[in-house]
Amino acid sequence: MQSLQIRLGLNSLQGGGEAAGAPGALLKSEWKGVGQLFGFNPLTVPVSSRNCVTRAGGPTVHQQSRSRQHRGGYGGHYEGPKRSRDDAVTRKMKSFHEGSDGPPLRVLPIGGLGEIGMNCMLVGNYDRYIMIDAGLMFPDYDDLGIQKVLPDTQFIHRWRDKIEAVIITHGHEDHIGALPWVIPALDPKTPIYATGFTMQLIKRRLKEYNIPAEGRLRTFSMRARFDAGPFEIEPIRVTHSIPDCCGLVLRCADGTIFHTGDWKIDESPVDGNVFDRVALEQLQKEGVTLMMSDSTNVLSPGRTTSEADVAEALMRKIVEAKGRRVITTQFASNVHRLGCVKAAAEVSGRKLVFIGLSLKTYLEAAWRDGQAPFDPAILVKAEDMDAYAPSQLLIVTTGSQAEPRAALNLASMGSSRLLKLHKDDVILYSAKMIPGNETRVMKMMNRIAELGPNLVMGRGENLHTSGHAYRGELEEVLRLVKPQHFLPVHGEFAFLKEHELLGKAQGIRHTAVIKNGEMLGVAPLRNGRVLSSGFSQLGREKLKLMYNDGDKAFGTAADLCIQERMNIALEGLVIASVEVIREETKYLNEDEVYEDKILRDDDDGDELGLQGRVRITTRCLWTDNGKLLESLQRAADVALASSRKDARLPTIERHVSVVLRKVVQKYSNKRPDVIVIATDASDGVVPNRSSPESINNYDQPRNKPQPWKRAADSMSSFSRGAVVGTVEPVDEVTSRSFVAEETSERNKVVISSRVQSETVSAKAQRLSSEGDATQKNERVKAGDGGEISATSSGFSDPEEFESDEESGDSDQEADSVASDGAASSLSQESTEEIEPQKKRQKWRHDETIKLIEVRSTMGDLLVKEGKKRRPSWKDIAASLSESGFERSPEQCSSMWSSLLKKYEAVVEEKRTRDSSVPAPKKEWAYFELMDAVMQKLAKTAGSQDVVIEKAKSKKPKRKSKKPKVDATAAIDSTEVELPDSEDRQTAQ
Ligand SMILES: [Zn+2]
Ligand SMILES: [Zn+2]
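The residue numbers shown here count from 1 along each chain, following its written sequence. To label them, take the chains in the order written and letter them from A, then take the ligands in the order written and number them from 1. Whole-chain, interface and lining totals are the exception, using all residues; otherwise, since this is a predicted model, local features are given only for residues with pLDDT of at least 70 and side-chain atom pairs are given and counted only at 80 or more. Computation of side-chain values: all heavy atoms of the structure, hydrogens and water removed.

S.K.: If you had to explain the overall build of the protein to someone new, which residues and values would you point to?
M.R.: When its secondary structure is counted, the protein shows 30 helices and 30 strands. Note on exposure labels: buried denotes an accessible area under 20% of the residue type's maximum, exposed denotes more than 50%, and partly exposed covers the range between, all computed with a 1.4 Å probe on protein chains only. Buried residues in the protein amount to 60% of all 988 residues. Throughout, a contact is declared for two residues whenever any of their heavy atoms are within 4.5 Å. Partitioning the intrachain contacts of the protein with sequence separation of at least 6 by distance along the chain shows that 76% fall at a separation of at least 24. With an accessible surface of roughly 37500 Å², the protein has 50% of that area assigned to carbon and sulfur atoms. Here a helix means four or more residues in a row that DSSP labels H or I, a strand means two or more in a row labelled E, and each is numbered from the N terminus. Per-residue accessibility takes into account occlusion by the displayed protein chains alone, with areas from the Shrake-Rupley method and a 1.4 Å probe.

S.K.: Tell me about unusual backbone geometry, and please be specific about residues and values.
M.R.: Positioned with a positive phi, tyrosine 126 is a non-glycine residue whose angle comes to about 50°. Tracing the backbone shows tyrosine 126 in the loop between strand 2 (120-125) and strand 3 (128-132). A residue is classified by how much of its surface remains accessible, and tyrosine 126, at 25% relative accessible area, is partly exposed. The backbone of arginine 223 sits at a positive phi, close to 65°, despite the residue not being glycine. Inspection of the secondary structure puts arginine 223 in the loop between strand 7 (217-219) and strand 8 (226-228). Here arginine 223 falls in the partly exposed class, since its relative accessible area comes to 33%.

S.K.: Help me get a handle on the state of the cysteines, residues and values and all.
M.R.: By definition, disulfides here are pairs of cysteine sulfur atoms that lie within 2.5 Å. Applying the stated criterion across every chain yields a total of zero disulfides. For the unlinked cysteine cysteine 245, the closest cysteine sulfur is that of cysteine 246, found at 7.6 Å. Overall, cysteine 245 belongs to the buried group, its relative accessible area being 1%.

S.K.: Can you explain the side chain of serine 300? Please cite residues and give values.
M.R.: Secondary-structure assignment places serine 300 in the loop between strand 12 (290-294) and helix 8 (307-320). With a relative accessible area of 18%, serine 300 lands in the buried category. Those residues in contact with serine 300 that lie beyond four places of it in its chain are Tyr470 and Arg471.

S.K.: Break down the packing of helix 8 against helix 9 (residues 335-348) for me, citing the residues and quoting the values.
M.R.: In contact at an axis separation of 9 Å, helix 8 and helix 9 are set at 30° when each is read in the N-to-C sense. Every pair of crossing elements has a handedness; the one defined by helix 8 and helix 9 is right-handed. Here helix 8 contributes Glu307, Val310, Ala311, Leu314, Met315, Ile318 and Val319 to the contact with helix 9, which in turn contributes His336, Arg337, Cys340, Val341, Ala343, Ala344, Val347 and Ser348. Broken down by class, the residue content of the contact of helix 8 with helix 9 amounts to eleven nonpolar, two polar and two charged. Only the stretch in contact is used when fitting a helix axis, every axis being a line fitted to C-alpha atoms; angles between N-to-C directions are given from 0 to 180 degrees. Each crossing is labelled by how the near helix is turned from the far one, with a counterclockwise turn of less than a right angle marking it left-handed and a clockwise turn marking it right-handed. Side-chain classes are defined by residue name, with Ala, Val, Leu, Ile, Met, Phe, Trp, Tyr, Cys and Pro counting as nonpolar, Asp, Glu, Lys and Arg as charged, and the others, Gly among them, as polar.

S.K.: An account of the sheet that holds strand 25 (residues 611-619) is requested, with residue identities and associated values reported.
M.R.: Pairing within the open sheet is mixed, and its three strands lie in the order 25-24-26. Edge strands, defined here as strands with exactly one partner in the open sheet, are strand 25 and strand 26 (673-680). Direction aside, neighbouring strands of the sheet carry axes that sit 15° apart on average. One bridge is not enough; two strands pair if DSSP finds at least two bridges between them.

S.K.: Go over the packing of aromatic side chains, please, and point to the residues and values.
M.R.: A pair of Phe, Tyr and Trp rings is counted when the ring centres sit within 6.5 Å of each other, with Trp represented by its six-membered ring. The angle between the planes then sorts it: under 30 degrees is stacked, over 60 is edge-to-face, the rest tilted. Counted under the stated rule, the structure contains 13 aromatic pairs. Here tryptophan 622 and tyrosine 667 contribute two aromatic rings whose centre-to-centre distance is 6.2 Å and whose plane-to-plane angle is 50°, an arrangement assigned as tilted. Separated by 45 residues along the polypeptide, tryptophan 622 in the loop between strand 25 and helix 17 (627-641) and tyrosine 667 in helix 18 (residues 649-668) bring together distant segments of the chain. Assessed through its relative accessible area of 54%, tryptophan 622 is described here as exposed. Since its relative accessible area comes to 28%, tyrosine 667 is described here as partly exposed. Pairwise contacts between aromatic rings join Phe96, Tyr129, Phe155 and Trp159 into one cluster. A ring is considered to have a charge above it if a Lys NZ or an Arg CZ atom is located within 6 Å of its centre and within 35 degrees of its normal. Note that lysine 515 overlies the ring of phenylalanine 493, its terminal NZ or CZ placed 5.1 Å from the centroid.

S.K.: I'd love a proper account of the pairing of strand 2, names of residues and values included.
M.R.: Of all six residues in strand 2, six are buried, a share of seventy percent or more. Alternating residues of strand 2 divide into Cys120, Leu122 and Gly124 and Met121, Val123 and Asn125, and every residue in both groups is buried. Alignment of strand 1 (residues 105-111) against strand 2, held across six bridges, turns out to be antiparallel. Considered in strand 2, the bridge of valine 107 is made with valine 123.

S.K.: Residue-level account of the sheet that holds strand 12, with values.
M.R.: Across the sheet, which stays open at both edges, the seven strands sit in the order 8-9-10-11-12-18-19 with mixed pairing between neighbours. Pairing within the sheet leaves two strands with one partner each, and these edge strands are strand 8 and strand 19 (510-511). Here two bridges tie strand 18 (residues 485-489) to strand 19, and the two strands are oriented parallel to one another. Bridging across to strand 19, phenylalanine 486 finds its partner in threonine 511. Along the sheet, helix 13 (residues 471-481) contacts strand 11 (255-259), strand 12 and strand 18; its crossing angle with strand 12, the most-contacted strand, is approximately 165°.

S.K.: Mind laying out the side chain of histidine 845, listing which residues take part and the relevant values?
M.R.: Along the chain, histidine 845 falls in helix 23 (residues 845-857). Its relative accessible area of 2% is what places histidine 845 among the buried residues. At 2.7 Å, the side chain of histidine 845 forms a polar contact with the side chain of tyrosine 926. Think of a polar contact as two N or O atoms within 3.5 Å of one another; within protein, one of them needs to be a possible hydrogen donor and the other a possible acceptor, and neighboring residues in sequence only count if both atoms come from side chains.

S.K.: Give me the confidence of the model for the protein: which residues, what numbers.
M.R.: Low-pLDDT stretches of the model should not have their predicted coordinates read in fine detail. Residues with a pLDDT of 70 or more make up 63% of the protein, whose mean pLDDT is 72. The pLDDT value expresses, per residue, how confident the predictor is, ranging between 0 and 100. Below a pLDDT of 50 lies the segment residues 585-605, which in the model reaches 57 contacts outside its immediate sequence neighbourhood of four places, other chains included. Segment residues 942-988 is flagged for pLDDT under 50; beyond a separation of four residues in sequence, or across chains, it makes 90 contacts in the model.

S.K.: Quick rundown of the packing of helix 6 (residues 196-208) against helix 10 (residues 357-368)? Include the residues and the values.
M.R.: Across the interface, helix 6 lies against helix 10 with an axial gap of 8 Å and an inter-helix angle of 125°. For the element pair helix 6 / helix 10, the angle class is oblique. With respect to the hand of their crossing, helix 6 and helix 10 are arranged in right-handed fashion. Contact with helix 6, carried on its side by Phe197, Gln200, Leu201 and Arg204, involves Thr361, Tyr362, Ala365, Ala366 and Arg368 of helix 10 and no other residues of that element. Looking at the contact of helix 6 with helix 10 residue by residue, the class counts come to five nonpolar, two polar and two charged. Oblique is the label for any angle not under 35 degrees, not over 145, and not in the 65 to 115 range, which are roughly parallel, roughly antiparallel and roughly perpendicular in turn.

Okay, here's the thing in structure tokens:
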């Protein structure tokens, strides 16, 4: 009866769920902790016991001797002497036991164990299963906009062939709410069974989500047996807080299972349908192998009161309120109570008004099934209330849990269109505060109290009773059924443990407590007396939670960017647009791009001073009356001014974003997400990008502007979570891109390649793989909750660049990290797989170095076979390939000739350099290496090669103070377009 009416829109069923626990509290506590624990997804690695733990180890088929093992469930409870061995076996278990060996009865909870809500349980005979219930869980109302938490439909889909039927015990949201997502995951023919009233609710829900399932919906009646999957099923009536609730008896050749559903024992239910004790007594005689029972109120001593008591209290209060308007609030799904309120309206001569769509929804469902206490048509419309004196009205509203959009909550804030509270009103709180909602309910109550109405609430008033059995009732049913095995369900883990103790106290020897994703095997005890068997652990799997947000959005935590939502909420967001103004831009064709880089002299500062316009805005950040914005603006301007004039847009984005993040961090110790979108000024020349393959290729003719969707690409890029501007490997020559692939197949996204979006998580993975080796690297948190490298411009530590510079092999690292989840600080759910770009256009440093090395060792071959033979380049390409670099012979040849040209030019420049002019601070990075190679080649070949001859004869004396260049230094020295190249060099 306690229903969670959280966060459902007006067009959905409000107040459907009835869990009495605190899913909201769970989430709240989880994401509070996350403030300190960045790097994993709190919703997937919760503080609570929501998810089971998957430990490392291979799949194990559980085949313990029945005579030797009888122990309780996972959770530390073991019986018998084999404890340590069992521990080891348990640790290894990962996948589920299948096949016709082992225990014949199998139970695998997908949800509902270790939490309240999201009930979904697989029960099987060997490998044939039925699913009992498919419920959802409501997150806390302020939980990042997520509306529903749903069971792992991906797992359900994997098992669709084994799941032969779905049986629904009753119509609460925590039992039917996931059906719109679970049904599509099942085999298209799998039938769904429910009672008439429940089926009305299901149909309405499926229609709402446009899920076609008419042909597979089957209704059943109490005590009428039917076959579903491997079982003959007999529904047994239980009392609860919504009409038509049942427990299920599942019979097969290997035993009888009794699942109670949600229940209490209402001795005088208002609809006269009593709890079926007779059936339970018969069950005991027949013998029950396994019983699963509702643990929600195991901590409450005594017994629940009857709904009839509530009816009486409501009647009294309503009659007493003579002359005043009465407003009651309750869980919408409690149709019986609506009937009681109607009865009170009649007695007191009031007109009944519903405010809150879900109230009518449940009543109409009952009406269609012939179980409604009255015709919904008699209700006075909320719009017509003014036609009546207040004392003639009895209003029922939603909002008992102060849900943000529910009528009573809005009314308490004076913002409900239909319901205005007056000081003469009497408000009857005919519900209970669900744990976790107390704070906001109390706030609502305070607001109501300030407005003046008389509030009636509290236990003593008897305005509410629970739909879940208290201890006294739980004990009674355990005694009534006397099952061989007992498994508590429907509750927080602590409740399950307590319920287990209760079972033991009732003399049930075999009890177990398991969590979602843990499979339990049960074998019937021989002739009921021989204790030859008990529960067996049959494996476990880390099941995911799925999320729904809005009408359509559905997916994992990663799909719904939960970490990112949290990050922005907690750390803020900075958005900057940079419009780059170029004096003159030189664009080269594909071949020329890397040649240009190689041929270009290193920056001496004269190419710095990029101009542009920067606009910055922030969200969720304290701006210190605009001072922060001023600092950001200044920093961005400096970052631009310290950038090379020919810097590419992704480089600029990255550079500026790093700078901005640092500024905020220093200013207020926040680590915001930063989004920078750089564009060339509209009057400038912009390069074209047509496909991911043409990354970095400024292959359009000069002065021929192309319509370019850069901004759109950028938008699409960060709309799915990548932080533009933090994503590009630093150096142009080494730059590369990734095709980032969503974990989910259905949502494959190729990241905008012009933006070179290595996704943040990709980057996080790469960096986490770089690990502690790069201590200097400062980590900052980024969008997906991973860490990204914080590098910086001239006004911060230049050493911070190192980690990025060493990212040449990032694809391999990313791969290795992806395969080794433990190394990643990201949660499993937010992990994105990284694929190296298949076709790289440009040479990275390590490749270039390798080419030079290989070419130097093959000098003889080349010279001997002469220029007429190209195949030697094949050998070189093959040799590169062995080192992991995929290049065509033509590419190798072309690159080598570029290197030769540059080498020649440098040699020439040195030769003709005016001694009065100071030498450049920075040598061409490959000069010394090339020089050495050239000399080696010349020696070995007795070279005829013109270039080599020149190199030999005209090589000037080295003036550079740089040490002998090795490959590493070569890489470092050309890496980054740094404004502070001086600092960098000394830093090395
Ligand atoms: Zn429930
Ligand atoms: Zn229920």
